[in-house]
Amino acid sequence: MKVDICKNYEEIAKKATSIVIQEIKNNPKLKIGLATGSSPLGLYENLIEAYQKNEVSFSEVTSYNLDEYIGISRSHPQSYYSFMFENLFKHIDIKSKNIHLPNNDLTQIDHIANDYNQILHANPLDLQILGIGSNGHIGFNEPGTPLDSETFIVTLDEQTRKDNSRFFKNLDDVPKYAITMGIKNIMDSKKIILIASGKEKAKAIHQMIKGKITNKFPASILQLHPDCTIILDIDSASQLA
Ligand code: GLP
């Protein structure tokens, strides 16, 4: 695990952006796993800017999102589908056939996890972008998820629903279920970048990096990944010393 401590969120976003752009330059057909949430927003803004300045093209890149809510439609403003189009896809030259998000159609609930897993098996990821939940989740792999899990339907933790209620009118509106890549799918990516900022993440970051490797704290498994970079600001790194 490589840990990079930046002076602020802007620097985190800059560092993450330069890694992603370098990876695309090395391999224009990069298979990239993408995350939602506040953490990668600066990275996405910078990637859009770099594309507009002709510094990078996504025309051959394929993307695979980590997770999606179940119980709201893709057109809901808080679906991860909407999030990705609003904050990245509609601003860059990625081809729509190269964009993959887990299907959350309730009428297909019996096979959507397996379908997405097949896609991931057929397209091993080169790079996965991650954030971290305050309870140590990565994607929506909540505490207790087996470390060898593959794409599945998850019941969200109450803590996760509370954390994410800031994006909804109230807690009752936050979906109770989601579909997520499993921990094994994430660990199978050749390279991983995890981004975290702010004091609220400090305890989780400490546990991820210094704690014991356990499925009670899913992000701790990243200690075993051969090429994982954690990009932090001073606040999220404040409990590491
Ligand atoms: C969500 C997502 C995760 C994300 C995490 C942290 O629940 N499913 O993929 O990493 O929350 O979000 P944020 O970056 O907004 O703190």
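Since the model is a prediction, treat every value here as computed from it, not as a measurement.

Asker: Whenever I open this one, the site of the ligand confuses me. Can you help?
Answerer: Around the ligand sit 14 residues in total, of which Ser 38, Ser 39, Asp 67, Arg 166 and Lys 201 are the nearest. Here an oxygen atom of the ligand sits 2.7 Å away from a polar atom, N or O, in the main chain of Ser 38. At a separation of 2.5 Å, an oxygen atom of the ligand approaches a polar side-chain atom of Ser 39. The protein chains hide 94% of the 390 Å² of surface that the ligand would expose on its own. Looking at the shell around the ligand, its residues break down into four nonpolar, seven polar and three charged.

Asker: So what exactly am I meant to see when it comes to empty space enclosed by the protein here?
Answerer: To find the voids left in a structure, one rolls a probe of water-molecule size over its atoms. The full count for this structure, using the stated rule, is one cavity of 30 Å³ or more. Computed from the structure, the largest cavity encloses a volume of approximately 80 Å³. Looking at the lining of the largest cavity, the elements that each hand over two or more residues are helix 1 (9-26) and strand 2 (31-34). A class-by-class count of the residues in the lining of the largest cavity yields 11 nonpolar, one polar and no charged.

Asker: Where do I start with the state of the cysteines in this structure?
Answerer: By definition, a disulfide is the covalent link that joins the sulfur atoms of two cysteine residues. Enumeration over the complete set of coordinates arrives at zero disulfides. Cys 6 takes part in no disulfide bond, and the closest cysteine sulfur to it belongs to Cys 228, at a distance of 14 Å. Under the relative-accessibility criterion, Cys 228 is labelled buried at 3%.

How each quantity is defined
Residues numbered from 1 in each chain as written. Predicted model: local features only at pLDDT ≥ 70, side-chain atom pairs only at ≥ 80, totals over all residues. Heavy atoms only, no water. Near = heavy atom within 4 Å. Polar contact = N/O pair within 3.5 Å; in protein donor to acceptor, adjacent residues only side chain to side chain. Areas by Shrake-Rupley, 256 points an atom, 1.4 Å probe, with all protein chains shown as cover. Nonpolar A, V, L, I, M, F, W, Y, C, P; charged D, E, K, R; others polar. 1 Å grid on protein atoms, 1.4 Å probe; cavity = no way out; pocket = protein on both sides within 12 Å on 5 of 7 lines; lining within 4 Å. Points joined across faces, edges and corners; volume = space filled by probe spheres on them. Helix = DSSP H or I, 4+ residues; strand = E, 2+ residues; numbered from the N terminus. Disulfide = S-S within 2.5 Å. Buried < 20%, exposed > 50% of the residue type's maximum accessible area, 1.4 Å probe, protein only.

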